[in-house]
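# Results of the structural survey
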Amino acid sequence: MKEQFMCSVCLDVLTDPVSTPCGHNFCRTCLTHYWDNTPRCLCPLCKETFTRRPELKINTTLREVVDHFKKKSSLDKPDTQLGKTQSEVQKMIQDRLKKIKEIKHSLELGKKSTEKEIADSIEVFTALIRAIERSQAELLQVMEEKQKAAERRAEGLIKDLEQEITDLKRRDTELEQLSHTEDHLHLLQVSVPLSAQRQHSTSQDNTPHAECIFLLVDVTLDPDTAHPRLILCNDGKQVSYGDGIQNLPDYPKRFDRYPVVLGTEGFSSGKFYYEVQVKGKTYWDVGVARESINRKGQYTLSPQNGCWIVCLRKGNEYKACAGPTVILFLKEKPQTVGVFVDYEEGLVSFYDVEARSHIYSFTGQSFAEKIYPYFSPFTSVKGTNSAPLIISRIFKT
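Residues numbered from 1 in each chain as written. Predicted model: local features only at pLDDT ≥ 70, side-chain atom pairs only at ≥ 80, totals over all residues. Heavy atoms only, no water.

An unreviewed UniProt entry annotates the chain as E3 ubiquitin-protein ligase TRIM39-like of Electrophorus electricus. Regarding the chain, the relevant UniProt record gives this comment under Sequence similarities (unreviewed entry): "Belongs to the TRIM/RBCC family." (UniProt positions renumbered as here; feature names shortened; annotations may be inferred.)

Helix and strand counts for the chain come out as four helices and 18 strands. The buried share among the 397 residues of the chain stands at 33%. Taking all contacts inside the chain whose residues are at least 6 apart in sequence as the whole, residues at least 24 apart take part in 58%. Put simply, the chain shows about 25700 Å² of open surface, and 53% of that area lies on carbon and sulfur atoms. (Helix = DSSP H or I, 4+ residues; strand = E, 2+ residues; numbered from the N terminus. Buried < 20%, exposed > 50% of the residue type's maximum accessible area, 1.4 Å probe, protein only. Contact = heavy atoms within 4.5 Å. Areas by Shrake-Rupley, 256 points an atom, 1.4 Å probe, with all protein chains shown as cover.)

This part takes up the pairing of strand 14 (residues 336-342). Of all seven residues in strand 14, seven are buried, a share of seventy percent or more. Residues of strand 14 alternate between two faces, with Thr336, Gly338, Phe340 and Asp342 on one and Val337, Val339 and Val341 on the opposite face, all of them buried. Relative to strand 15 (residues 347-352), strand 14 runs antiparallel, the two being bridged by six bridges. Bridge assignment links Asp342 to a residue of strand 15, and that residue is Leu347. Connecting strand 14 to the antiparallel partner strand 15 that follows it, the hairpin turn spans four residues, and Gly346 within it adopts a positive phi of roughly 65°. (Pairing = 2+ DSSP bridges.)

Moving on, we come to the sheet that holds strand 10 (residues 284-290). Strands sit in the order 8-17-10-11-12-13 across an open sheet of six strands; the sheet is antiparallel. In this open sheet, the two strands that pair with only one neighbour each are strand 8 (261-262) and strand 13 (326-328). Across two bridges, strand 8 lies against strand 17 (residues 371-376) in antiparallel orientation. Counterpart to Leu262 in the pairing with strand 17 is Tyr374.

Inspection of the entire model under this criterion finds 12 aromatic pairs. With a centroid separation of 6.4 Å and an interplanar angle of 55°, the aromatic rings of Phe255 and Tyr299 are classed as tilted. A residue pair is termed long-range when its members are at least 10 positions apart, and Phe255 in the loop between strand 7 (238-241) and strand 8 and Tyr299 in the loop between strand 10 and strand 11 (307-313) qualify at 44 residues. This pair shows no difference in class: Phe255 is buried, exactly as Tyr299 is. (Phe/Tyr/Trp six-rings, centres within 6.5 Å; stacked < 30°, edge-to-face > 60°.)

Model confidence for the chain is summarised by a mean pLDDT of 85, while 85% of its residues fall at 70 or above. Ignoring residues within four places in sequence, the model shows residues 178-185, a span with pLDDT below 50, making 11 contacts including any to other chains. Throughout residues 190-214 the model reports pLDDT below 50, and contacts reaching past four residues in sequence, or to other chains, amount to 47 contacts. (pLDDT = per-residue confidence, 0-100.)

As a further point, take the state of the cysteines. Tallying each qualifying case throughout the model produces zero disulfides. Cys27 carries a free sulfur, and the closest cysteine sulfur to it, the one in Cys10, is 3.9 Å from it. We note that Cys43 lacks a disulfide partner, and the nearest cysteine sulfur, in Cys22, lies 3.4 Å from it. (Disulfide = S-S within 2.5 Å.)

What follows is about helix 1 (residues 28-36). Along helix 1, the residues classified as buried are Cys30, Leu31 and Trp35. Down the axis of helix 1, the sector holding all buried residues measures 125°, keeping them to one side. In helix 1, those exposed residues whose orientation departs by more than 90 degrees from the buried face are Thr29, His33 and Asp36. Lining the buried residues of helix 1 we find strand 1 (17-19) and strand 2 (25-27). (Arc of directions from axis to C-beta.)

Below, the discussion takes up the pairing of strand 17. Of all six residues in strand 17, six are buried; the element is thus mostly enclosed. Where strand 10 and strand 17 come together, six bridges link them in antiparallel fashion. Counted as the bridge partner of Gly287 is Tyr374 from strand 17.

This part covers the pattern of salt bridges. Applying the stated criterion across every chain yields a total of 10 salt bridges. The partner of Asp222 in a salt bridge is Lys253, and the shortest N-O contact between them spans 3.1 Å. Of this pair, Asp222 sits in the loop between strand 5 (215-216) and strand 6 (230-232) while Lys253 sits in the loop between strand 7 and strand 8; the two residues are 31 residues apart in sequence, bridging distant segments of the chain. A salt bridge links Arg393 to Asp235, with the shortest nitrogen-to-oxygen separation between them at 3.3 Å. (Salt bridge = Lys/Arg side-chain N within 4 Å of Asp/Glu carboxyl O.)

Now the structure itself:
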């Protein structure tokens, strides 16, 4: 029986069987290991103690019997072993079939997910392309409309400029024809716009003749507005820059930052004209200013700040302080400057009296308060620019 060939230590069929003096059989390795790990040398089965560790030799007869038993056991159960192997193989096949199914299912899910992502991406990009196309169309439309508007504005400006060129050519011809006249009144009738003139009959024989409706004013300087550095003549017709600061009352209407003085009389309607001599100067400001101009502290010369000024800088740089500044290119250096104002028309024009030519005009202005003649001889350093500004005496004819 199988139990006869079992090792009581490893409980398996004997391998290299050896026998103890007490007649029990064990695997050589099992018995050797047992004795190596016990303090006494005894039989693992009956516990008989041996005074001396027996020398173990393989029982060859028993080993042959055990080997025969092992072979017989294998031959007696071939179907059992084969069935076990076949079952394992079938299980492995089923496991692999299951894995193949899982892989195919995973691939199917991945395919569906990819198809959905592709469809979503196509939808997103299609919507984006449509949005870009709409934006492009809208941008092109806006750009086309801007271009058309710019073209319309340019056409209007060109038309206006061409008309101005025609008017200027006509005026230039008229001025050339009048270049030898000494009649200031006649000069202004030709130089200023037609809106500043009118025709009416005054003679008894009803003979029509031209007469200006503006007033040729006799301007005098207001000492209460003059900067403490400015020196005014007693007649109020001349102003120059002094060497020191005068001890003057600090009136609210006195300029304390820039060397400026205003005319005594202000105007809130109609048309008026005056002339100022600028001969011998390298710097000057001439024009008109509103009553509320800032007289204390800094301000910039411009219509926005309430002054309409033409000026000279560095001896040969003529400018209109129009905010921004306009550089003026004059054929001759003015010796006397004429200033014409049409209050209702919002017009301030400047003329070179000797050359009988137009210098510059501020047009389309709005005067909501009194305006006054404005003068600045500018500063004088070491005798330079020391000549005074002299207001010409004008008499109506």
